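# Coordinate inspection notes
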Amino acid sequence: MEPFVFFGGKGGVGKTTVSCAYAYRCATAGVRTLVVSTDPAHSVSDVFDQSFDDEPRSVEGVDGLDAMEIDPEDEMQRHLDEIRESLSEQVSAGMVSEINRQLEMSHGTPGAYESALFDAFVDVMREESEPYDRVVFDTAPTGSTLRLLGLPEFLGDWIDRLLYKRKQSIDLFEKAAIGDMEPRRLLEGDPVIERLRRRKEFFEYAGETMRTEAAFFLVFNPDQLSVNETARAIEGFTERDLSVRGLVANKLTPTPDDDETGRGARYLRERVATERDRLEQVREGFEPPLVAEIESRTSEVRGDVLTDVADALDVDV
Amino acid sequence: MTLADRIETFRATLTEWLRGLYHGMITHPAYEKIEKEAEDAEDEFMLACFPDAFGIPSPVSYYTAELLPYLEDEFEAWERRLWDRESLIERKGQQYHF
């Protein structure tokens, strides 16, 4: 299995449970594992009954398993502070307030949240993943995950265009300075081009890693909405040249015993029948294989229950 | 002052005048034109980096904000040029000395 494993899916289908269970399974099989949550609601803490932050911390009671939670809001603030710091080093006091306004505006735009999340993802892949054999990502709900995965290519093109424009203007400035005149800008050592290049490398790394070193799994519930969403997600992944490795059906209704005939049992039997149809639909109609069928639990998934769920996953470690 | 000296002085003055004339009529407008063109290219770059300054949200402005500390002069000049600019024709017209 690839070093990076992503679990995605519609909101509320149990991505956190499945990714924690998978991480648990990897860790107990002797693979050093890190589980990363990017959901600001932070439910990994609830699963392991322990609080985590943006530094990997070992999970109590499980050898070889670490967890961390990334908050995009914090990430955004950190990015903002970093720029502010270099701003005060470089820029004269008069300009600071002017540029500061621009800076705050750029962190309030709709894309900022996703960009922060994306940066955090890639940073984990690049820097934090060193001591681990496997990093499991518990991603945000499908829509934004897909947009996130589409970012490298899209942003790479954009940066290319910016680079081209910048070079063009500097080239003209250099040409305008004939003879002894000092050109207004120089191509050599231009910090803007340098930064843009670094960004470009960052996106290239991200795109390459997602394509070659990551495996994607989609979690869904056996209802029509969830199945439809999964179909769209698979399509979205295919469009981006990423393949979905498998599908995980979560929260299946348990079948009642045969001797039970009460109203509850009838209700359950009916549900099981419709769910079986949905699962059939998934098995027949979808390309990625159905790798796990996890029954609904009455209690929160924690401790022993997590072990059960982990056993239900037919995913390679 | 000998005749040779006077010729020398005359030639020096003439050379200076000619150079001045050439600079004023040919090279200076040419530099200016290139420089204006460079500024235009820079304006486009700045606009592509910070369209949110005009209320157009951009998916990359989160990243281009990183460039702000290095774009102090450009940013100021850009804003000034934008305030100055009445129309594209006016700006382009400045490049021709009628």
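Structural data are supplied above this passage.
As a starting point, this report considers the structure included with it. Worth saying up front: this structure is predicted, and the values here are computed from it rather than measured.

So, how was this worked out
- Here, residues in each chain are numbered from 1, in the same order as that chain's written sequence.
- Here chains are named by letter from A upward and ligands by number from 1 upward, in the order in which they appear as written.
- With pLDDT at 70 or above as the cut-off, local features in this predicted model cover only qualifying residues; side-chain atom pairs require 80 or more to be listed or tallied, and sums for whole chains, interfaces and linings still use all residues.
- Note: side-chain values were computed over all heavy atoms of the structure, leaving out hydrogens and water.
- For two strands to pair, DSSP has to find at least two bridges joining them.
- Note on conventions: DSSP H or I runs of at least 4 residues are helices, E runs of at least 2 residues are strands, and numbering of each starts at the N terminus.
- For crossovers, right-handed means that the path from the first strand over the helix to the second runs clockwise, given strands pointing away from the viewer.
- When a carboxyl oxygen of Asp or Glu is within 4 Å of a side-chain nitrogen of Lys or Arg, the pair counts as a salt bridge.
- Residue burial is assigned from relative accessible area. The probe radius is 1.4 Å, only protein chains are included, and a residue is buried under 20% of its type maximum, exposed over 50%, and partly exposed in between.
- Axes here mean lines fitted to C-alpha atoms, for a helix over just the part in contact, with angles spanning 0 to 180 degrees between N-to-C directions.
- By the definition adopted for this analysis, an angle is roughly parallel if under 35 degrees, roughly antiparallel if over 145, roughly perpendicular if from 65 to 115, and oblique otherwise.
- Contact definition: two residues touch when any of their heavy atoms are within 4.5 Å.
- Residue type decides the class: Asp, Glu, Lys and Arg count as charged, Ala, Val, Leu, Ile, Met, Phe, Trp, Tyr, Cys and Pro as nonpolar, and the leftover types, Gly among them, as polar.

### A word on the pairing of strand β8 (residues 290-295) of chain A
All names here are of chain A.
- Pairing geometry for strand β7 (residues 244-252) and β8, over 4 bridges, is parallel. Of the residues in β8, the one forming a bridge with Leu247 is Leu290.
- For the segment spanning β7, helix α9 (residues 263-285) and β8, crossover handedness is right-handed.

### What about the pattern of salt bridges?
- The final tally for this structure, using the stated rule, is 22 salt bridges over all chains.
- A salt bridge links A:Asp119 to A:Arg199, with the shortest nitrogen-to-oxygen separation between them at 3.3 Å. In this pair, A:Asp119 is assigned in helix α5 (residues 111-128) and A:Arg199 in helix α7 (residues 191-213), connecting sequence segments 80 residues apart. In this pair, the class of A:Asp119 matches that of A:Arg199, namely buried.
- B:Glu74 is paired through a salt bridge with A:Arg166; the nearest N and O atoms lie 2.9 Å apart. Taken together, the residues span two chains, with B:Glu74 in helix α3 (residues 72-84) and A:Arg166 in helix α6 (residues 142-176).
- A residue is classified by how much of its surface remains accessible, and B:Glu74, at 5% relative accessible area, is buried.
- A relative accessible area of 1% means that A:Arg166 is categorised as buried.
- Through salt bridges with shared partners, one network takes in A:Arg166, A:Arg185, A:Asp190, B:Glu42 and B:Glu74.

### A look at the packing of helix α3 (residues 72-90) of chain A against α5(A)
All names here are of chain A.
- Two numbers describe how α3 lies on α5: the axes approach to 9 Å, and their chain directions differ by 90 degrees. Classified by the angle between their axes, α3 and α5 sit roughly perpendicular to one another. Along the contact surface, α3 presents Pro72, Glu73, Glu75, Met76 and Arg78, while α5 presents Ala112, Tyr113, Ala116, Leu117, Ala120 and Asp123.
- The residue makeup of the contact of α3 with α5, split by class, is 7 nonpolar, no polar and 4 charged.

### Side note on the sheet that holds strand β6 (residues 214-220) of chain A
All names here are of chain A.
- Read across the sheet, 8 strands follow the order β3-β4-β2-β5-β1-β6-β7-β8 without closing on themselves; strand pairing throughout is mixed. The sheet is open, and its two edges are formed by β3 (57-58) and β8, each paired on a single side.
- Contacts from α5 reach β1 (4-9), β2 (33-37), β4 (65-69) and β5 (134-138) within the one sheet, and its direction differs from that of β5 by about 170 degrees.
- Packing against the sheet, α7 makes contact with β1 and β6, and its axis sits at approximately 70 degrees to β6.

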